[in-house]
Amino acid sequence: MSRIQHDSFRSKVMSADEAASFITHGDNVGFSGFTGAGYPKLIPGALAARIRAAHDAGEPFQIGCWTGASTAPELDGALAEVDGIRYRMPYQSDPIMRSKINAGVSDYNDIHLSHSGPMVRAEVLSPLDVAVVEVAGINADGEGIPSSSVGNNVIYLEKAEKIILEVNAWQSEDLLGMHDLYYGFALPPHRREVDILAPGDRIGQTTYRIDASKVVAVVETELPDRNTPFKPADSISEAIAAHYLDFLANEVKHDRLPKNLLPLQSGVGNVANAVLAGLLAGPFENLTSYTEVIQDGMVDLIDSGKLTVASATAFSLSPDYAHRMNDEAKKYRKNIILRPQELSNHPEMIRRLGVLACNGMIEADIYGNVNSTHIMGSKLQNGIGGSADFTRNAYISAFVTPSTAKGGAISAIVPMVSHHDHTEHDVQVLITEQGLADMRGLAPRKRAKAIIDNCAHPDYKPLLADYFERAQKTANSQHTPHDLRESLSWHVRFLETGTMKPAS
């Protein structure tokens, strides 16, 4: 049975090559997609082929590429490889895209995920020319059935001058009913309160509103999301998770958290999955989550009965779990809600619900400032994503990382971060496999002692303690003492010698 149940949309079915012809040089294109889920599977490749042909003919052809967050090689990688992206926002994680950004070929605007939708709505960015959005189907009323991510799709469909739809029969039809698509967003002074009082509250509808007059092409596909298997938990990620879970248990013991905690948020990766695995084996019951992505561990927690509801904007599942979700989407609809990222990352929602945020970082300094985006000050890794949306507004904000990288050549705890993403004012807890520093209520110098004593690797702890002692003697103030001649010397030493460790 066709997934396209509306005559107007059926009449616009065509090939991906034909559909891609509606995108021209200089266009801003809003693509669906968030962490490798729900991105268009065919149009980006067809567009990349057109761009390559134009460049071979000596003609310019680049676009502005807007998404929800990261996508997949078939989108970011394909378009970046042919130098087809002049501007990228709000987040990426593709190695080819990253290399083009760091080489200066593509401009990248690293935007908080909760800010990107309102900026599109206000047309702070240039007008949106084309929206390319994957759906699981089009119903008889001409509304789109969302697929495995929502991201910025609501605002892209609303603001684009032209719409291209990919109707993907791989996506489960049973996803219908899992989504909560809110259409009450407005710009100041017309904003209203959003009536979400618990992670499981629903305030919107289950399908996309689509203006059929703007739809220029419909492409049928049956291709899976590009899902990446997670690495097995190692001893370092398990140690970090154990420190975090012990911290949460201690907060419950001292009546600072309820026995079922508060809504959980976690970044993507080994440590996040180790935390979720720890929760599966731990004492906490009736858990909830208000986060960005649904990961494997959350599905396991739902199956165990320990997690009652998970609210997010997309799936970020391994291949096995993605197929499992497709097969059993109907079962999970009562526990999982997928919303626009303007809601999943909404600062006021995060603050009101008292979310417990736990995100990864590249490095932190001795005063608790965090760098989560740049290697050695200048080289972009991925982007800030939604980490700051949650960090600044969380009830408790934690950052996690192994204490060293590159086989011990890099310390994750440094005198001063080489790039600031999260300031000491927002970071409350730092955790490495070495231990945990609870910095709530501590003045800067006491924060430094807690971080050095608890989080630094033994190879670097004496060096950090020595720097801190000497900085107190040479700094122009004792509030946050730094020796500015040395504060970034560790990074300089790594770039010159390949290690942060001084010559012996």
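Please refer to the structure higher up on the page.
About the criteria used
Residues numbered from 1 in each chain as written. Predicted model: local features only at pLDDT ≥ 70, side-chain atom pairs only at ≥ 80, totals over all residues. Heavy atoms only, no water. Helix = DSSP H or I, 4+ residues; strand = E, 2+ residues; numbered from the N terminus. Rg over C-alpha atoms; globule rule 2.2 N^0.38 Å. Buried < 20%, exposed > 50% of the residue type's maximum accessible area, 1.4 Å probe, protein only. Contact = heavy atoms within 4.5 Å. Polar contact = N/O pair within 3.5 Å; in protein donor to acceptor, adjacent residues only side chain to side chain. 1 Å grid on protein atoms, 1.4 Å probe; cavity = no way out; pocket = protein on both sides within 12 Å on 5 of 7 lines; lining within 4 Å. Points joined across faces, edges and corners; volume = space filled by probe spheres on them. Nonpolar A, V, L, I, M, F, W, Y, C, P; charged D, E, K, R; others polar. Phe/Tyr/Trp six-rings, centres within 6.5 Å; stacked < 30°, edge-to-face > 60°. Lys NZ or Arg CZ within 6 Å of the ring centre and 35° of its normal. Pairing = 2+ DSSP bridges. Salt bridge = Lys/Arg side-chain N within 4 Å of Asp/Glu carboxyl O. Expected span 1.5 Å × (residues − 1). Bend = angle between axes of the 7 residues up to and from the residue. Core = buried A, V, L, I, M, F, W, Y, C linked by side-chain atoms within 4.5 Å. Axes fitted to C-alpha atoms, helices over the stretch in contact; angles between N-to-C directions. Parallel < 35°, antiparallel > 145°, perpendicular 65-115°, else oblique.

On to the overall build of the chain. Across its full length, the chain carries 17 helices and 25 strands. Here the C-alpha radius of gyration of the chain, 23 Å, is about what a compact globule of 504 residues would show, namely 23 Å. Its C-alpha atoms give the chain principal-axis dimensions of about 75 × 55 × 45 Å. Burial status across the chain gives 58% buried among its 504 residues.

Below, the discussion takes up the environment of Ser114. As for its position among the elements, Ser114 is in helix 6 (residues 113-121). Overall, Ser114 belongs to the buried group, its relative accessible area being 7%. Separated by 222 residues in sequence, Ser114 and Ile336 have C-alpha atoms that sit 20 Å apart. Leaving out residues up to four positions away in the same chain, Ser114 has contacts with Asn345, Pro347 and Asp389. Within polar-contact distance, the side chain of Ser114 engages the side chain of Asp389 at 2.6 Å.

So, on to empty space enclosed by the protein. Counted under the stated rule, the structure contains 4 cavities of 30 Å³ or more. Lining of the largest cavity is provided by Ala37, Ser148, Trp170, Gln171, Leu175, Asp225, Asn227, Phe315, Leu317, Ala322, Met325 and Asn326. Considering only residue class, the lining of the largest cavity consists of 7 nonpolar, 4 polar and 1 charged. Of the pockets and cavities examined, the second largest cavity occupies roughly 60 Å³.

Quick look at the packing of aromatic side chains now. Enumeration over the complete set of coordinates arrives at 4 aromatic pairs. Arranged with centres 4.9 Å apart and planes meeting at 85 degrees, the rings of Tyr182 and Phe185 form a pair that is edge-to-face. Here the guanidinium or amino end of Arg209 rests over the ring plane of Tyr183, the centre of that ring lying 4.1 Å away.

With that settled, the discussion passes to the sheet that holds strand 17 (residues 370-371). The 3 strands are arranged 17-16-23 in an open sheet whose pairing can be described as mixed. What marks the edges here is a single partner per strand, and that holds for strand 17 and strand 23 (413-414). With 2 bridges connecting them, strand 16 (residues 363-365) and strand 23 associate as parallel partners. Along strand 23, the bridge assignment pairs Ala364 with Ile413.

Attention now goes to the pattern of salt bridges. For the structure on display, the rule yields 26 salt bridges. Between Arg226 and Glu74 there is a salt bridge; the shortest N-O distance is 2.8 Å. Of the two residues, Arg226 sits in the loop between strand 8 (215-221) and helix 8 (235-253) while Glu74 sits in helix 4 (residues 73-81), which places them 152 residues apart along the sequence. A relative accessible area of 25% means that Glu74 is categorised as partly exposed. A network of salt bridges, in which partner residues are shared, links Asp300, Asp303, Arg324, Glu328 and Lys331.

Right, let's get into helix 11 (residues 319-332). Over its 14 residues, helix 11 runs only 17 Å from end to end, short of the ideal 20 Å by more than 12%, given 1.5 Å per residue. The sharpest bend along helix 11 comes to roughly 55 degrees, located at Asn326. When we look at burial in helix 11, the residues that qualify are Tyr321, Ala322, Met325, Asn326, Ala329 and Tyr332. Where helix 11 is buried, its residues contact helix 10 (296-304), strand 13 (314-315) and strand 14 (336-338).

Now for the pairing of strand 10 (residues 287-290). Side chains of strand 10 alternate between two faces, with Leu287 and Ser289 and Thr288 and Tyr290 buried alike. As defined by bridge partners, strand 10 adjoins strand 12 (residues 307-312) across 4 bridges and the pair is classed as parallel. When the bridges of strand 12 are listed, Leu287 appears paired with Leu307.

Leu261 and Leu279 are the most contacted members of the largest nonpolar core, which totals 71 residues. No other element matches helix 8, which puts 7 residues into this core. The residues touching Leu261, leaving out its near neighbours within four places in the chain, are Leu248, Val252, Leu279, Phe284, Leu287 and Leu356.

For the rest of this paragraph, the subject is the packing of helix 9 (residues 270-281) against helix 10. If you want to describe how two helices pack, look at the angle between their axes and the distance between the axes. Between helix 9 and helix 10, the least distance of the axes is 8 Å, while the angle of their chain directions is 10 degrees. Regarding the angle of helix 9 to helix 10, the classification is roughly parallel. On helix 10, the residues touching Asn273, Leu276, Leu279 and Leu280 of helix 9 are Asp296, Gly297, Met298, Asp300, Leu301 and Ser304. Of the residues that constitute the contact of helix 9 with helix 10, the class distribution is 5 nonpolar, 3 polar and 2 charged.

Attention now goes to the packing of helix 3 (residues 43-56) against helix 4. Viewed as axis vectors pointing N to C, helix 3 and helix 4 meet at an angle of 5 degrees, and their least axial separation amounts to 9 Å. Our classification of the angle between helix 3 and helix 4 gives roughly parallel. Of helix 4, the residues touching helix 3 (which contributes Pro44, Gly45, Leu47, Ala48 and Ile51) are Glu74, Leu75, Ala78 and Leu79.

Before going further, it helps to examine the side chain of Ser116. Among the secondary structure elements, Ser116 is positioned in helix 6. Not counting the four nearest positions on each side in its chain, Ser116 is found in contact with Met89, Pro90, Ile111, Asn152 and Gln341.

By themselves, these observations are geometric and do not establish any function.
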